[in-house]
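Letter by letter, the chains look like this.
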Amino acid sequence: MAASMRLGRRTLFTALRALTQTPAGLQSSFRPLRESPRTAGWSRSAARPLYQSCRARAGVCPLKVQMPALSPTMEEGNIVKWLKKEGEDVAAGDALCEIETDKAVVVMESNEDGVLARILVQEGSRGVRLGTLIALMVSEGEDWKQVEIPALEPVTPPTAALPTAAPPTAGSAPPALRQLRLSPAARHILDTHGLDPHQATASGPRGIITKEDALNLLSKASAVPPPAAAPAPPAAPPAARPTHPPASAPARPAAPGTFTEIPASSVRRIIAQRLTQSKTTIPHTYACIHCDISGVMRVRKRLAEENIKVSVNDFIIKAAAVSLRELPAVNVSWSADGPQPLGFIHISMAVATDRGLITPIIRDAADKGLQEISSTAKALAQKARDGKLLPEEYQGGSFSVSNLGMFGISEFSAVINPPQACILAVGGSRTELSLSAEDTLQTQHTLTVTLSSDARLVDDELASRFLETFRLNLERPERMSLQA
């Protein structure tokens, strides 16, 4: 019995040794299975079908088109018009859409070749923030109808969960009211009429109390009859003379009238921001001077006989540019590091449009002749009114000129356009009587200009010298070169 057990144990050990010690030929044939990772075999057999199923389920990977920054001060834009339709081929450089920035309407061009697959932000959308996904494209040859639409990011971050409060006990304070979200119009109505916003029923997205919700609450509050007044105490005998005037009780707000809310455009909002920034951060100083433009009128008449039409404003732009070249200390701007001298003379010309004031730039105005300044100013003014200015046509000016003479304004003071140091406000011309050198009466054309300057850069003495140089150049047009 013991011998048979030893024989069986030896046979078992021999079989195990044979399994662990594989012959060389057989070992070589098994080597690929041991050396290759187990996931490699899975990836070749199962990864490809899994990738294909994900692709079929998710669709074609898109090329994202986002709202770009088309000007340095742009924070949001309005989609004016899409110039391509869904399914149309798009080449790099093609115009995709028209976007209204804080300055003008700019054409947005495509940076990729492909097909416009989906328009996510439609025409007329306003206040589209920078980086917002506005459209999707796909590469050439891909099915644009199967484009994958990515999940939109939430507009507001999720709020942290509030700690659970203990149940109120007798005599304890009532639990905190629910957090409210009100639109600006709703907040104004509720605050004006002293209504409790917790009584309003929110109907807006994400629980926002809208203007209509506030008006509904106001109508309900108006329908409730006021409580009966308490009987008045017996009147005291009138005094001979009151010691102090009676306190005036605040009047009850009037019922909301009929009005139309006009949303501010991007241009109007940026204008308001920059004007506020200018008046609150720049120490403005003002100086004005009267100029005799009779010589300008004579030169204009001679040029008109040669069929060359130039305006008084063209002479003013030329005179300002030449004066800046003679006094380069005025041709500066304010930066974070302090005064910054400018190596160019670009005159910003204020143009009034339906969307607000914009300042296209006449570059290198000191080197241009009157005829070139005139044609450039007319072309830029028309593009500004049409909203077709390019960013480089209204950015980077060194000195501004604002002329309200054509509107019958005799003189005014303008607000500096930061980071520039000065702006010249030009009034209308008028005919006056003056004494000539021979002590005889003569008529002359006079206009008043007012220089608004940044006192950090241009002091009163320098501003006075600039205005005197400007008047000398304007009153003697021959002193300025008519051609570059």
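Note that this is a predicted model, so its numbers are computed, not measured.

Quick notes on the rules
- Residues numbered from 1 in each chain as written.
- Predicted model: local features only at pLDDT ≥ 70, side-chain atom pairs only at ≥ 80, totals over all residues.
- Heavy atoms only, no water.
- Helix = DSSP H or I, 4+ residues; strand = E, 2+ residues; numbered from the N terminus.
- Expected span 1.5 Å × (residues − 1).
- Buried < 20%, exposed > 50% of the residue type's maximum accessible area, 1.4 Å probe, protein only.
- Pairing = 2+ DSSP bridges.
- Core = buried A, V, L, I, M, F, W, Y, C linked by side-chain atoms within 4.5 Å.
- Contact = heavy atoms within 4.5 Å.
- Phe/Tyr/Trp six-rings, centres within 6.5 Å; stacked < 30°, edge-to-face > 60°.
- Lys NZ or Arg CZ within 6 Å of the ring centre and 35° of its normal.
- Axes fitted to C-alpha atoms, helices over the stretch in contact; angles between N-to-C directions.
- Parallel < 35°, antiparallel > 145°, perpendicular 65-115°, else oblique.
- Left-handed = near helix turned anticlockwise from the far one by under 90°.
- Nonpolar A, V, L, I, M, F, W, Y, C, P; charged D, E, K, R; others polar.
- Patch = residues over 30% accessible without salt bridge, like charges linked within 9 Å, V, L, I, M, F, W, Y side chains within 5 Å.
- Areas by Shrake-Rupley, 256 points an atom, 1.4 Å probe, with all protein chains shown as cover.
- Salt bridge = Lys/Arg side-chain N within 4 Å of Asp/Glu carboxyl O.
- Lys, Arg positive; Asp, Glu negative; His and termini not counted.
- Charge placed at Lys NZ, Arg CZ, Asp CG, Glu CD.
- Arc of directions from axis to C-beta.
- pLDDT = per-residue confidence, 0-100.

Trainee: Which residues make up helix α8 (residues 312-326), and what are the values?
Mentor: Here α8 spans 21 Å end to end across 15 residues, near enough to the 21 Å set by a 1.5 Å rise per residue. With 13 of 15 residues buried, α8 is to be regarded as a mostly interior element.

Trainee: Provide a residue-level description of the sheet that holds strand β7 (residues 128-129), including the pertinent values.
Mentor: Strand order in the open sheet formed by four strands is β5-β4-β2-β7, with antiparallel pairing between adjacent strands. The outermost strands of the open sheet, each flanked by one partner alone, are β5 (105-109) and β7.

Trainee: Please set out the nonpolar core residue by residue, giving values where relevant.
Mentor: Within the largest apolar cluster, 74 residues are counted, with the highest numbers of intra-cluster contacts made by Ile 134, Phe 399 and Leu 424. Apart from residues lying up to four places away in sequence, Leu 424 is in contact with Ile 316, Phe 399, Ser 400, Val 401, Ser 402, Val 449, Thr 450, Leu 451, Leu 467 and Phe 470. By size, the runner-up hydrophobic cluster in this structure holds eleven residues, among which are Leu 182, Ala 200, Ile 209 and Leu 218.

Trainee: Can you break down the packing of aromatic side chains residue by residue, with the values?
Mentor: Scanning the model with the defined rule gives one aromatic pair in all. Aromatic side chains Phe 399 and Phe 466 sit 5.5 Å apart centroid to centroid with 45 degrees between the ring planes, which places their arrangement in the tilted category. Of this pair, Phe 399 sits in strand β18 (residues 399-403) while Phe 466 is found in helix α10 (residues 460-475), placing the two residues 67 residues apart along the sequence. Classification of Phe 466 as buried rests on a relative accessible area of 0%. Positioned over the ring face of Trp 334 is Arg 456, at 4.2 Å from the centre of the ring.

Trainee: Explain the packing of α8 against helix α9 (residues 370-386) to me, using residue names and the numbers behind them.
Mentor: Each packed pair of helices is defined by two parameters, the angle between the axes and the distance between the axes. The N-to-C vectors of α8 and α9 enclose an angle of 115 degrees; their axes lie 9 Å apart at closest approach. In this view, α8 runs roughly perpendicular relative to α9, as classed from their interaxial angle. Crossing geometry of α8 relative to α9 is assigned as right-handed. Across the interface between the two elements, Asp 314, Phe 315, Ile 317 and Lys 318 from α8 touch Leu 370, Ile 373, Ser 374 and Ala 377 from α9. Looking at the contact of α8 with α9 residue by residue, the class counts come to five nonpolar, one polar and two charged.

Trainee: Give a description of the sheet that holds strand β3 (residues 89-90) that names residues and reports values.
Mentor: Taken in spatial order, the four strands line up as β1-β8-β6-β3 in an open sheet, and their pairing is antiparallel. The open sheet has two free edges, formed respectively by β1 (63-66) and β3, since each of these has just one partner strand. Both β1 and strand β8 (residues 133-138) contribute to a ladder of four bridges, which runs antiparallel. In the strand pairing of β8, Gln 66 is matched with Leu 133.

Trainee: Report on the side chain of Asn 473, specifying residues and quantitative values.
Mentor: With respect to the secondary-structure elements, Asn 473 resides in helix α10. Judged by its relative accessible area of 0%, Asn 473 falls in the buried class. With sequence-adjacent residues up to four places away left out, Asn 473 is seen in contact with Ala 319, Val 322, Ser 323, Glu 326, Arg 479 and Met 480.

Trainee: Mind laying out a negative patch on the surface, listing which residues take part and the relevant values?
Mentor: Taken together, the side chains of Glu 88, Asp 89, Glu 112, Asp 113 and Glu 140 make up a negatively charged region of the molecular surface. For Glu 112, the location among the structural elements is in the loop between β5 and β6 (114-119).

Trainee: Give a description of α9 that names residues and reports values.
Mentor: The end-to-end C-alpha separation of α9 is 24 Å, in line with the 24 Å expected for 17 residues at 1.5 Å each. Those residues of α9 that fall on the buried side of the exposure criterion are Leu 370, Ile 373, Ser 374, Ala 377, Leu 380, Ala 381 and Ala 384. Seen from one end, α9 has its buried residues packed into an arc of 145 degrees, which puts them on one side. Lining the buried residues of α9 we find α8, β14 (347-349), β15 (351-353), β16 (356-358) and β17 (361-362). Positive phi appears at Gly 387, one or two residues downstream of α9, with a value of about 70 degrees.

Trainee: Go over the confidence of the model for the chain with me, naming the residues and quoting the values.
Mentor: Note: predicted coordinates in regions of low pLDDT should not be interpreted at a detailed level. Residues with a pLDDT of 70 or more make up 73% of the chain, whose mean pLDDT is 78. Note on residues 1-7: pLDDT is under 50 here. Beyond four places in sequence and across chains, it has zero contacts. Throughout residues 18-57 the model reports pLDDT below 50, and contacts reaching past four residues in sequence, or to other chains, amount to six contacts.

Trainee: So what's going on with the side chain of Glu 393? Residues and values would help.
Mentor: With respect to the element layout, Glu 393 can be found in the loop between α9 and β18. Among residues more than four places away in sequence, those in contact with Glu 393 are Pro 360, Ile 361, Leu 380, Lys 383 and Lys 388.

Trainee: Before we move on, can you summarise unusual backbone geometry with the specific residues and values?
Mentor: Here the bond from Pro 418 into Pro 419 is cis, since omega is 10 degrees, no more than 30 degrees from zero. Within the element layout of this structure, Pro 419 appears in the loop between β18 and β19 (422-426). Non-glycine residue Asn 307 carries a positive phi angle of around 65 degrees. With respect to the helices and strands, the residue Asn 307 is situated in the loop between α7 (294-305) and α8. Among the residues examined, Asn 307 registers a relative accessible area of 64% and is labelled exposed. The phi torsion at Asp 364 lies on the positive side, around 50 degrees, for a residue other than glycine. By secondary structure assignment, the location of Asp 364 is in the loop between β17 and α9.

Trainee: Give a detailed account of the pairing of strand β4 (residues 95-100), specifying residues and quantitative values.
Mentor: Most of β4 sits out of view: five of its six residues are buried. Pairing between β4 and β5: five bridges, direction antiparallel. Across the sheet, Ala 95 pairs through a bridge with Glu 109, a residue of β5. Between β4 and β5, which follow one another and run antiparallel, lie four residues.

Trainee: So, the environment of Ala 69: which residues are in play, and what are the values?
Mentor: Its place among the elements puts Ala 69 in the loop between β1 and β2 (76-82). Ala 69 sits in the exposed class, given a relative accessible area of 55%. C-alpha of Ala 69 to C-alpha of Leu 130: the two residues are 61 residues apart in sequence and 6.4 Å apart in space. Not counting the four nearest positions on each side in its chain, Ala 69 is found in contact with Met 74 and Leu 130.

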